[in-house]
Every structure is written in C-alpha cells, then in structure tokens.
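Observations on the model geometry
As a plain string of letters, each chain reads:
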Amino acid sequence: MTPWMQFRLWYRKSSPSGRLGAFTAIGIVVSLLIASIAIAPSDDETGDTALVAGQNGETVAGGSLDGTGTGTVDGGASGATAGAGGASRPGGSTAAGSAGSAAGGSGGGGSTALTASDRGVTPREIKVGFMLQNAAGLDKAGFSTGQRGDGAKYINALAAWASKEGVVGRKIVPVARYTDPTSVEDQAAACRAMVDDAKVFAVVDTASMLDTASMDCVTNRSKGDTPMVHSVMWSTDWQKRSGGNDVSYQAAVDRISITWARDLAAAGWLTPGAVVGILGDKCPATQPTVTGVLAPALKAKGAKEVVFGLHDCDIQSVASQPPNIVTEFRLRGVTHVLMTSNFVVGQIFTSTAASQGYKPKYATSDWFLNTSDQTAKNFDPNQFDGAIGIASFGTMLVQSGKAPYPGWETCSKVATDAGLPGIRPDDPASTEILTLCDNFILLLEAIKRAGPNPTRAGWRAGVQQLGQRTSTLFGRSVFAPGKFTGSDFVHTIQWQAGCRCWKSISDFRPAAA
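Here goes a summary of the coordinates provided. (Residues numbered from 1 in each chain as written. Predicted model: local features only at pLDDT ≥ 70, side-chain atom pairs only at ≥ 80, totals over all residues. Heavy atoms only, no water.)

1. Some remarks on the pattern of salt bridges
Rule in force here: Should a side-chain nitrogen of Lys or Arg be within 4 Å of a carboxyl oxygen of Asp or Glu, the pair is scored as a salt bridge. The secondary structure listing takes helices from DSSP runs of H or I that are at least 4 residues long and strands from runs of E that are at least 2 residues long, numbered from the N terminus. Only protein chains enter the area calculation, which uses a 1.4 Å probe; residues under 20% of their type maximum are buried, those over 50% are exposed, and those in between are partly exposed.
A complete count under the given rule lists 20 salt bridges for this structure. Asp312 serves as the salt-bridge partner of Lys282, at 3.3 Å between the closest nitrogen and oxygen. Of the two residues, Lys282 sits in the loop between β9 (275-281) and α9 (287-300) while Asp312 sits in the loop between β10 (305-311) and α10 (315-320), which places them 30 residues apart along the sequence. With relative accessibility at 29%, the residue Asp312 sits in the partly exposed group.

Okay, here's the thing in structure tokens:
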C-alpha cells in the first residue's frame, strides 16, 4: 500500500472532528516545517494584496496604507496599522509567550539630549513592528483556529500603555502586520515590509514568521539586523546566526533535548535497554539536534538503541510518511517514542499505531509545543493515555489545581483599560495576544537597558543583562551573557485520556541546560 493510499485510508476512517483537527493543524504547522528549510525567499509577489487590519475587515484607528504595502501610523501610539503584501484576513493561532512585569517607565531623558540614535528611533518615538498570524490557507478552506479577532486593537492598547509613562523618554509607534505562516512568499514580504518599508527598530512576533530565510532576512546581522522577540526557537547554533537579535522565552531545542533525556530517565520512563524511536523531521534547523544532541543524550541515559523515524521536510511528507514510520518502529521493536515533530504527525502516528495494534510508550516536550492541550487533543486517547511530557509550558497549571505563572494580570489590565475583553492564562483564544504582550514587555526591558538613546547593539547587550524574568507561558527564564533563550525551569506533566488534557504532576526543577 502506497503512503498516499494509507493517508486516504486514514481519512476515510477518521472522525469528522479528527479530520478537522488534522487539517487545521496541518495549516498551522506546515510553517514549522517550511521554517526549517533554508531557501531563498521568492520574489514572486503576484498574489500580494494590501492588508486591512481586523478580523472582519475594519480599518484600524489612526492608520492608513501608504502604497508600499506597509501600514503607517497617524498619531504615533494612537493606532497600529497593518501592512504589507500577501496577507488577507487574519485567523492564525500561536502557542507561546505571555506577560511579564509592568513596562512603562523609562530611565530615558534626564539631562541627556534625546537623539535619532538608530533606525526607527527619533527623539520622540520608537517604531516597533508587531506580527499577528494569518493562516490564509485555513481561512480559504473555511477553518478557524479560534483566536480572538481584536489583535490589532490590542497592539494599539499595548503601545498606548507603554507610551503613557514613556520608554526611554519616547512613545511607541506600532506597525502591525498579519502574516501567513504557511506562505514562504508572505513571510519574505513581511521582512521587507518591516525592515525596508517601515524601517522599524525591532519586531515582536508570536509564531507567524517561521521560514528560516525570512527570519534571517529580519535578524541576521548582515541582512536586516533587526531585534526580534518571538516564540519559536530552533537550536542555539541556529540562533547564533542572528548575532543576538533572535530572542525567545522558549528554550532552544538542544537545551530541551538535554533536559528531556535527563528527566525521562529520572522519572523511570526511560528504562535501561529501551529501544527508543525519535519521531521527527529531516529539516536542517532541527535534524542536527535530533541526531547530534538528543540521540546521544538518550544513549547516555541507558537507551539500548535509538531508531530515527524522520519524515522529509515538506507538507506532503507530513501527511504521507508517518504510517511508514509506525511500521518501521513496530518491526524494529521500538518500545518508547519521543515526539519531536509537529502535532499533525503525532495525530496520524498515534491513529495508525492503533490500527496496527502497536502501542509504545510516548513522551513529549516543548519542542513543537506538543505539551499543549490544543496540540495533543486529537491524539488517539487509547494510545496516548499516560504519556509523559517534560515542559516549561504552563497552561495546564490551573486545571492541575496549581497557580498559573504570574504576570498575566498586567496583560489583561492593558486589554480592559482599553475597553477590550480581559485575558485569562488558561483561555486558548487569548494565546496570541498574551504572547504579544509577554514578548513586547521583554523587548521593552532590553530597550531600557540600552541607555537614553537606544541602538540595536545596545539592545543586544541589554538582553544579556536582564537576568531572571518570568514568562506567563514558559515560567522562570534567565537571560545572561551569550544566553538569549529562557525556560530555565521545568515540570513533569502527564496526558490523561479522561479529560484529553495535560496535568502537572511534579514540582518545578532547574532545566539541565
């Protein structure tokens, strides 16, 4: 039976909700596969259209499109506008980030004359780009990922909140753009919109800019040279390409790997002599970590053998190759499976394993955020019941009877003060704007450490002076010289079929790396 025949068989047997979950997930996470392919951005922009901000097509107050594809702002922080080619109606989702401490305030001005110290900085303003996710392919198919539709209004509220007391004596001028994470072309256009057209000082993203060539376009010191705080981080080596511009609360995947192996062994999940299968991909931003970091760490903790079940790095392979990996794992006697691929692969793998009567033990981590209820909800419950996760991610804390990470209250007050609905840390619909808030505050704190006349070099130095902070989604995070990612404490979580959800089952402990 060919892979496509296997996929069609799965499609016929799957429930409507299962198919909806799978195809919704495909639209979201194909970007994470595309993200790992280091290809040059396409120059073909024939499909680009000017973006009008807002879920229902409303124009954002205070803004206009200037003909270049980039949104401009009339009156500074009074209105974020959307810009740039390729994006249509918003509808994406994210999985990361959240709120930190109060941001206002400044340390700027004083007796020091304020100057136009760098791109996007004037004596009165700092221009910041904000990225919202627009999964255009999903919208055209009639699917919704359930995020709130007031993202652009919330960006206005964040800018007004930060500008009230001033950021190093200046107000924040927001430039917002909806970007399609499933389109390499649109992400390339987003880079040009922010760096070349709007000429922003920095960019705040959730998970809309994922293509590695486009990320390089924004952050690489020899290209866009733009600070970017976002919520999808590959390896530490990959991050180094930016020279310090690429910053995230989520741990780099090599750091995740070392902690993961340590804690699976300590929990008794990884038993001596286990044959471990790694379910992942062959993408260049991730495969070297799978083969060069995770596999050796598992062997060092007692794994007898590590079998690689890596699908090719394209959307067709996401759908067609997992059934073959199930067969390979079963025939080679794999007893334990670690998921390092996206949740579409996980869903197809678990349903195929059930159909073959094959039931290994499963483990996940924050790699591809398979520690989220949203990503795991359509995994086969009989297969996945009892699965273990090693995570910093904390959206399951409330349903586990524990206090959520602190800081979300600040982000919620920004919303309610602007007349918008409040934010709850356990509300999946608010994940994107909570992430924007969290990442924006991190950006501001580094700006305030860059002196009264901030520069991008000063910002990069400022990040390394932040020390310990708390992310509303990833918890305690330490930024230090040479360290640009967080998630420095983890807990053990377990997936329970009864609620189709994760529960935290341990206290927090320091990550291994």
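That covers the picture; the talk isn't over yet.
2. Section: the state of the cysteines
The criterion, for reference: Here, two cysteine sulfur atoms that lie within 2.5 Å of each other are counted as a disulfide.
Evaluation of the coordinates by the stated rule reveals four disulfides. One disulfide bridge connects Cys283 with Cys313, the sulfur atoms lying 1.9 Å from each other. Between Cys283 and Cys313 the sulfur-sulfur dihedral comes to about 100°; the bridge is accordingly right-handed. Residue Cys283 is found in the loop between β9 and α9, and its partner Cys313 is found in the loop between β10 and α10; the two are separated by 30 residues along the sequence. The same class applies to Cys283 and to Cys313, which are both buried. Cys411 shares a disulfide with Cys437; S-S distance 2.0 Å.

3. Some remarks on the pairing of strand β4 (residues 125-133)
Applied cut-off: The criterion for strand pairing is that DSSP finds at least two bridges linking the strands in question.
Judged by how many residues are buried, β4 sits mostly within the fold: seven of nine residues are covered. Direction of pairing for β4 relative to strand β5 (residues 171-179): parallel, over a ladder of nine bridges. Paired with Leu132 across the bridge in β5 is Tyr178. The pairing of β4 with strand β6 (residues 202-204) spans three bridges and is parallel. In the sheet register, Gly129 faces β6, and the bridge partner there is Val203.

4. Regarding α9
This is how the line gets drawn: The length a helix should cover is 1.5 Å for every residue beyond the first. What the bend at a residue measures is the angle between two axes, fitted to the seven residues ending there and to the seven starting there.
The terminal C-alpha atoms of α9, which comprises 14 residues, lie 19 Å apart, in line with the 20 Å expected from a rise of 1.5 Å per residue. Where α9 bends most, the angle comes to about 30°, and this point is Leu294, followed within four residues by the proline Pro296. Those residues of α9 that fall on the buried side of the exposure criterion are Thr289, Val290, Leu294, Ala295, Ala297 and Leu298. A positive phi of about 115° marks Gly302, the residue just after α9.

5. A few points about the packing of aromatic side chains
Each aromatic ring pair is summarised here by two numbers: the centre-to-centre distance and the angle between the ring planes. Which entries qualify depends on this criterion: The criterion for an aromatic pair is that two Phe, Tyr or Trp rings (for Trp, the six-membered ring) have centres within 6.5 Å, with stacked assigned to planes under 30 degrees apart, edge-to-face to planes over 60 apart and tilted to the rest. Only Lys NZ and Arg CZ are tested; either one counts as a charge over a ring when it is within 6 Å of the ring centre and within 35 degrees of the ring normal.
According to the stated counting rule, one finds eleven aromatic pairs in the structure shown. With a centroid separation of 5.3 Å and an interplanar angle of 55°, the aromatic rings of Phe130 and Phe440 are classed as tilted. Placement of the pair is Phe130 in strand β4 and Phe440 in helix α16 (residues 431-448), with a sequence separation of 310 residues. In terms of burial, Phe130 and Phe440 fall into one category: buried. Their ring planes at 90° and their centres at 6.2 Å tell us that Phe349 and Tyr362 sit as a pair that is edge-to-face. Separated by 13 residues along the polypeptide, Phe349 in helix α12 (residues 343-355) and Tyr362 in strand β12 (residues 361-365) bring together distant segments of the chain. The class of Phe349 is buried, set by a relative accessible area of 0%. Three or more aromatic residues link up through ring pairs in this structure, and these residues are Phe329, Phe349, Tyr362, Phe379, Phe384, Trp495 and Trp502. Over the face of the ring belonging to Trp238 we find Arg241, whose NZ or CZ atom lies 4.1 Å from the ring centre. A cation over an aromatic ring shows up here: Arg476 above the ring of Phe489, its NZ or CZ 3.6 Å from the ring centre.

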